[in-house]
Amino acid sequence: MTNLPKPPLQAVIIPVTPLQQNCTLLWCTETMRGAFTDPGGDLDKLMSVARQHGVTVEKLLVTHGHIDHCGLTGVLAKQLGVPIEGPHPDDKFWIDMAPDVGAQYGIEGAAAFTPDRWLHHGDQVQVGNLVLDVLHCPGHTPGHVVFHHAPSKLAIVGDVLFQGSIGRTDFPRGNHQDLINAITTNLWPLGGETAFVPGHGPMSTFAAERRNNAFVADAVLAQ
Ligand SMILES: [Zn+2]
Ligand SMILES: [Zn+2]
């Protein structure tokens, strides 16, 4: 069982859309200001969780342009009057396709949007008094980013890495080798004790994946 961090960062995972995508509400306990990462749908559910925890949502963060992660993000940003930060501009083509892809996956009201801030490797995003680092991790999509809060040893990795698996690379502009490289050169150096929230399914740690992951365990990559 991997636990979510303690103050000054707190977080809850809220699965949304028919694809059970892990939207995370993370917040700064000093200011009670927070952000949703990947608010892809089920906006009423998301806002009721924010209210329940007394969090004022000040921005929306997006890991990548897939519909379950960002289909309703533009709509929520307008409702709340808050900015969107991320993903990397190489995912613009995915966001632009949101209305078509949304219809295909049964995500009603999915809409394209332009983030207020595109993110690049090495950028930082602020939530309340918290500062998260941005890592560009292409492969699942070309513009996928990961958010890392070093003091909490927590990463929000979207569809880069899962417990036991990695993101699909058979979508347009996916690339298997890019994804493996992103995981080993960007994520592993963050430290084995780092816990991560994947885009789908349960949390894990980088150490556990380096032991057991079917695609990126150290023993698998050494073969
Ligand atoms: Zn995805
Ligand atoms: Zn996903």
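Scroll up to find the structure.
What counts and what doesn't
Residues numbered from 1 in each chain as written. Chains lettered and ligands numbered in written order. Predicted model: local features only at pLDDT ≥ 70, side-chain atom pairs only at ≥ 80, totals over all residues. Heavy atoms only, no water. Helix = DSSP H or I, 4+ residues; strand = E, 2+ residues; numbered from the N terminus. Donors = N, O, S within 2.8 Å, 3.2 Å for Na, K, Ca; no water. Tetrahedral: all angles 85-135°; square planar, octahedral: opposite > 155°, others 65-115°. Buried < 20%, exposed > 50% of the residue type's maximum accessible area, 1.4 Å probe, protein only. 1 Å grid on protein atoms, 1.4 Å probe; cavity = no way out; pocket = protein on both sides within 12 Å on 5 of 7 lines; lining within 4 Å. Points joined across faces, edges and corners; volume = space filled by probe spheres on them. Nonpolar A, V, L, I, M, F, W, Y, C, P; charged D, E, K, R; others polar.

A. Representation of unusual backbone geometry within the structure. Cis geometry marks the peptide bond from glycine 86 to proline 87; its omega dihedral reads 0 degrees. Notably, aspartate 42 is not glycine yet its phi reads approximately 50 degrees, a positive angle. Residue placement: aspartate 42 occurs in the loop between strand S3 (33-37) and helix H1 (43-52).

B. Broad picture of the coordination of the zinc ion (ligand 1). Looking at the metal site, the zinc ion (ligand 1) is ligated by His64 (NE2), His66 (ND1), His140 (NE2) and Asp159 (OD), spaced 2.1 to 2.2 Å from it. The site at the zinc ion (ligand 1) holds 4 donor atoms, and with the angles between them running 90 to 161 degrees, its shape is irregular. In the primary structure, the donors to the zinc ion (ligand 1) are separated according to the pattern H-x1-H-x73-H-x18-D. The distance between the zinc ion (ligand 1) and the zinc ion (ligand 2) comes to 3.5 Å, and aspartate 159 binds to both of them. You can see histidine 64 sitting in the loop between strand S4 (56-61) and helix H2 (67-70) and its partner aspartate 159 sitting in the loop between strand S9 (154-158) and strand S10 (161-162), a full 95 residues away along the chain. Histidine 64 sits in the buried class, given a relative accessible area of 0%.

C. Molecular detail of the coordination of the zinc ion (ligand 2). Here the zinc ion (ligand 2) is held by Asp68 (OD), His69 (NE2), Asp159 (OD) and His200 (NE2), and the distances to it run 2.1 to 2.6 Å. Each donor residue of the zinc ion (ligand 2) belongs to the same chain, and together they define the spacing D-H-x89-D-x40-H.

D. Broad picture of empty space enclosed by the protein. All chains considered together, the criterion is met by 1 cavity of 30 Å³ or more. Estimates place the volume of the largest cavity at around 40 Å³. Lining the largest cavity are Gln21, Asn22, Thr37, Asp38, Thr63, Ile156, Gly158, Val197, Pro198 and Gly199. For the lining of the largest cavity, the secondary-structure elements that each account for two or more residues are strand S2 (21-28), S9 and strand S12 (195-198). A breakdown of the residues in the lining of the largest cavity according to their chemical character gives 3 nonpolar, 6 polar and 1 charged.

The quantities given are spatial measurements derived from coordinates; they are silent on function.
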